[in-house]
Amino acid sequence: MFLEFGLKDFIDILLVAFLLYYTYKLMKASGSINVFTGILVFILIWVIVSQVLEMKLLGSIFDKLVSVGVLALIILFQEEIRRFLLTLGSHQHASALVRFFTGGDKKKGLQHEDIMPIVMACISMGKQKVGALIVMEHDMPLDDVVRTGEVIDANINQRLIENIFFKNSPLHDGAMVISKKRIEAAGCILPVSHNLDIPKELGLRHRAAMGISQVSDAHAIIVSEETGAISVAYKGQFHLRLTAEELESLLTQEG
C-alpha cells in the first residue's frame, strides 16, 4: 500500500525544515548550538523508542520527560524565544504588512548623507586610537538599551560623535545608539555575548557589540582603542578591520 503524498505534505515538510533551519541559526548565533544538537538527538531517540521499537515502559518515561522538558526549554531559552517573537514582529515584511493595513508611512532608512558623518567619525577616531561603540537601530526597536544611557536626541554630526567618545568624556565608555536619523542616546549598556568562539584578542567592546547583534537586527560599530581598527558586528557575525568604503557599504546593507 503506497502512502499518499500531496502538495499539503510537501508544504508541511518544507515549513518544518525552515523552522529547524531558523532555530539552528538562532542557536548558533547565541552560542547554544550544542544544546540544540542535544535536543535533536533526544527527540530522535524518543521517536525511535516510542514509535519504531514500541518500548512501552521506556517510551512512557520519555513521554513524561518531553512533557516536562517543554516547560524547561521555555524557561531555559526565554531570551531566544523573546528574540524570535521580536524578530518576527519587526521583520521588514511584517512591518510592511502592518503599514499597509494601518496606512502608516514607509520607514526610511539611513541615506548616504546620514552614513558619512558616522564613517568619517570612525575613521578619525581610529587614527587617534579612540575607542568607540556605535549601535545603529533598524527595524527592531532598542528602547530598552536607550533607557540605560543618557538621552541626546541630536542630529548625526561627526564632531559630536568624536566629542562623546573623547577619553575624558563621561559617556565615552558606553554605547551610542543612532535611531531614526538621530543620535538617540549615549553611555548605553549593551548585553555582553558569552559566545566562546569570539577570538580572545577582542575586548569587551567587541563582546558587547556581538551581544546586541545577536538580539537585534542592528549594526554595531566598534573602534578599537588598542589598534584603531574598525569592525562591525551584524546578525551574530564580525566584519573586522574595515576600510571606509567597506564600512559605508556594510552600513547601507538591507536586513
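Here's what I pulled together on the structure shown here.

The rules behind each value
- Residues numbered from 1 in each chain as written.
- Predicted model: local features only at pLDDT ≥ 70, side-chain atom pairs only at ≥ 80, totals over all residues.
- Heavy atoms only, no water.
- Axes fitted to C-alpha atoms, helices over the stretch in contact; angles between N-to-C directions.
- Helix = DSSP H or I, 4+ residues; strand = E, 2+ residues; numbered from the N terminus.
- Parallel < 35°, antiparallel > 145°, perpendicular 65-115°, else oblique.
- Left-handed = near helix turned anticlockwise from the far one by under 90°.
- Contact = heavy atoms within 4.5 Å.
- Nonpolar A, V, L, I, M, F, W, Y, C, P; charged D, E, K, R; others polar.
- Pairing = 2+ DSSP bridges.

The subject of this paragraph is the packing of helix α6 (residues 112–128) against helix α10 (residues 244–251). The interhelical angle for the contact between α6 and α10, taken along N-to-C directions, is 140°, at an axis separation of 10 Å. Viewed along their axes, α6 and α10 adopt a mutual orientation that is oblique. Between α6 and α10 lies a crossing whose hand is right-handed. Residue-level contacts link H112, I115, M116, V119, C122 and I123 of α6 to A244, L247, E248 and L251 of α10. When grouped by side-chain class, the residues that make up the contact of α6 with α10 number eight nonpolar, one polar and one charged.

This next bit is on the sheet that holds strand β1 (residues 132–136). Strand order in the open sheet formed by seven strands is β2-β4-β3-β1-β5-β6-β7, with mixed pairing between adjacent strands. Every interior strand has two partners, whereas the edge strands, β2 (150–155) and β7 (237–239), have only one. The mean inter-strand angle of the sheet, taken between neighbouring strand axes irrespective of direction, is 25°. Pairing of β2 with strand β4 (residues 182–188), which is carried by four bridges, proceeds in the antiparallel orientation. Across the sheet, N155 pairs through a bridge with R182, a residue of β4. Strands β1, β5 (219–223), β6 (230–234) and β7 of the sheet are contacted by helix α9 (residues 204–215), whose axis makes an angle of about 175° with β5.

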